[in-house]
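Chain residues, written in single-letter form:
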Amino acid sequence: MGCTLFSEEWINTIPLSLLQQIREHASYQPLLQDGDAIEQLLQNKSKLKQAFQHLDPYVKQSLTYILIYFPASFFTIDQLLACDIDDVAGAELKAAVIQLSQLGMLYVFHRHRQQERWFILPQDLVSHWFSVCFSLEDHFSSIAKENTMDNDMISCDGFMEDVITILQFVQYQPITLTKKGVLPKRITHMLQQEIRSLDEHFQFVKFKEEKYASYPPYVAVLLDYSLRLGLTSISDDQLHIQPSVCNEWLQGSEQEHQIWMEKFIHEVFYPSTIYVQHLLSIIPLLSPHSCYAVADIMNQVRKELKWKDDQLEDEILTQFHLRCLKPLQALDCVLLHYDEHDDLYISLSEKKRIAMLYLQSDFSLLKPPHLQLDVQFELQLMTEKQDQQYKITKNSVMKACLAGRDGNYLCSFLQQVSKYGLPKNVEKCMMDWSRDAHNTNHGSIHTHNMHEMTSQRQQYQHVPLLFSNSCQSAEAIDVYNYMLDSQEINSILYSRYKDFQGSIEKKYLTFDDIYAYPHVIPSHWMHAYRKYHIAINVQIIETALHLHTYIMVRHKDENVYFVPKRLTKCDQAWKVEGNIKGRGQLSFHSSDWQEIKLILPGMNDKNK
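Remember, it's a predicted structure, so these values are computed and weren't measured experimentally.

K.L.:
How should I be thinking about the sheet that holds strand E18 (residues 584–589) in this particular structure?
P.N.:
As a general point, the strands of a sheet are linked pairwise by backbone hydrogen bonds and lie either parallel or antiparallel. Read from one edge to the other, the open sheet built from five strands follows the order E18-E17-E16-E15-E19, with strand pairing classed as antiparallel. Because the sheet does not close on itself, it has two edges, and the strands there are E18 and strand E19 (596–599). Direction aside, neighbouring strands of the sheet carry axes that sit 40° apart on average. Pairing between strand E17 (residues 573–580) and E18: six bridges, direction antiparallel. Bridging across to E18, Gly 578 finds its partner in Leu 586. Here helix H23 (residues 534–547) sits on the sheet and contacts strand E15 (550–554), strand E16 (559–570), E17 and E19; the angle it forms with E16, its principal contact strand, is near 105°.

Pasting the structure below:
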């Protein structure tokens, strides 16, 4: 399900005929050139803003209400109508949903058992829409990073390092699961010794099944991430590595990794509280070069989105900190800072990756932040980590040889990625150690908390040079599509869309889908602005009430747009109460009416 909630994958899933109808929508014609893809337009915030300007006013208003009430949730039209919305008629909300779906700005799903349609905003566009509809980022005050105290920092890029640790742990041989279908406690303990201690960042993580609650939270997050993306898989009661998918992941671009991480966060860590969802949706709008006071962000969002006054600010701020910011910090998505008053600040983690190491003659390696992942993989494979420093040792070289490397490969790799080349003494020792490795019974190699390897090297001869620059996968793999196929089978943490059972609506929705049998409504009610018999007036008002729409009437020589709410009949007279658009509540008696016309938004409202 998660795959289809992001724009590119959804567009790749719907029928070509539906995609063509979306592309041919009049609002897109000024913005699309030959060969332009819809998903590229939707991902371009400036073009998205232009498309927004082409929308009818009530569609713009309706979109803001969808962002306020359902920023990251499925909803039905009835649920939208039930929200506290006074300045948009129900029929306008319905018509807006149809228009937004026609533009591919709302995704439509069909639940066959309930025979109803469900809608959801594309999850990768929610932040863009908050920017377009509210311009929230223009109101945030920021300070330079150097004016904060970094007393809540954890190692940069540590999450990817820990994922690689998991992959290398499983690389040598599959891990057999217990009868309950979980890793043995001994293996789990070994993994904990190799990764960072970040369980407190994931204290609110929710497990898919009770049996997985035996995992330490951070181990569970790492395993779940590798399983969802298909880096590892479970079959025949064993945890296996997936080399082709790992290659694609390690060599993925910065943008691809950002998308994969966003999908992981939306599936597993998205908050249930709507106000916290608003705050989380704002984070991508922040500048990576500044720090922002979290309390200021909340106050601005509360003001612009008109949160209810009875909401407890401290409770929302605490939820945002513990359920969102702490996990995002551990996932290397944000940095948390404090100033001299102990106020919390947030900044985005910069992820421009480089492929350069600093290798010294004492066999130690200095690694810059955000090292290219395929280089990071090789670095962790051929070194040991001692006091937060990577060091080449005889044991680490023998471990790399056990994984399929040889001395020539290791030295060539370091020569390429080391800024100042490969010191001669380091090269000589590595070649000697690699020769020893190939002449040694590898069952005796000490693996420093890696699970015991008692087999001879020939057991691993089928293992290729996994994940290295010289090893290109013969089969192209879409990492997240692989995830989609296996995530419900091979996952540990609870997925927030797991219980939603529905299929993509392949029909291009029209206004006939929201108005009950519009062909039986006399056409002159919608096109002729005229006086009617009192009985016809009552029928038109009853139709407007049924369709949650409004009527245009002439009242005191002025045309007004009236949304009826309640009709009261008494003998030959009647009274209708409702709202005049833009003016508030009003009531009419039968003697007040002159000309009248039924308005159906999307059908006859253009020249109203």
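Further notes follow.
K.L.:
Would you mind showing me how to read unusual backbone geometry here?
P.N.:
Peptide bonds are, in most cases, trans, and in most cases residues other than glycine have a negative phi. Although it is not a glycine, Asp 237 adopts a positive phi angle of roughly 60°. As for its placement among the helices and strands, Asp 237 is situated in the loop between strand E5 (232–235) and strand E6 (238–241). Judged by relative accessible area, Asp 237 falls into the exposed class, the value being 55%. For His 548, which is not a glycine, the phi torsion comes out positive at approximately 55°. By secondary structure assignment, the location of His 548 is in the loop between H23 and E15.

K.L.:
Looking at this model, I keep getting lost on the pairing of E6. Mind explaining?
P.N.:
Taken together, the two bridges between strand E4 (residues 175–176) and E6 define a ladder with antiparallel strand orientation. Along E6, the bridge assignment pairs Thr 176 with Gln 238. In this structure, E5 lies alongside E6, joined through four bridges in antiparallel fashion. Its bridge partner lying in E6, Thr 232 is registered against Ile 241. Between the end of E5 and the start of E6, which pair antiparallel, lie two residues, with Asp 236 showing a positive phi angle near 50°.

K.L.:
Hey, could you run me through the sheet that holds strand E1 (residues 107–111) in this one?
P.N.:
Ordered in space as E2-E1-E14, the three strands form an open sheet in which the pairing is antiparallel. Edge strands, defined here as strands with exactly one partner in the open sheet, are strand E2 (116–120) and strand E14 (503–504). Across five bridges, the pairing between E1 and E2 is antiparallel. Counterpart to Arg 111 in the pairing with E2 is Glu 116.

Analysis parameters
- Residues numbered from 1 in each chain as written.
- Predicted model: local features only at pLDDT ≥ 70, side-chain atom pairs only at ≥ 80, totals over all residues.
- Heavy atoms only, no water.
- Pairing = 2+ DSSP bridges.
- Helix = DSSP H or I, 4+ residues; strand = E, 2+ residues; numbered from the N terminus.
- Axes fitted to C-alpha atoms, helices over the stretch in contact; angles between N-to-C directions.
- Contact = heavy atoms within 4.5 Å.
- Buried < 20%, exposed > 50% of the residue type's maximum accessible area, 1.4 Å probe, protein only.

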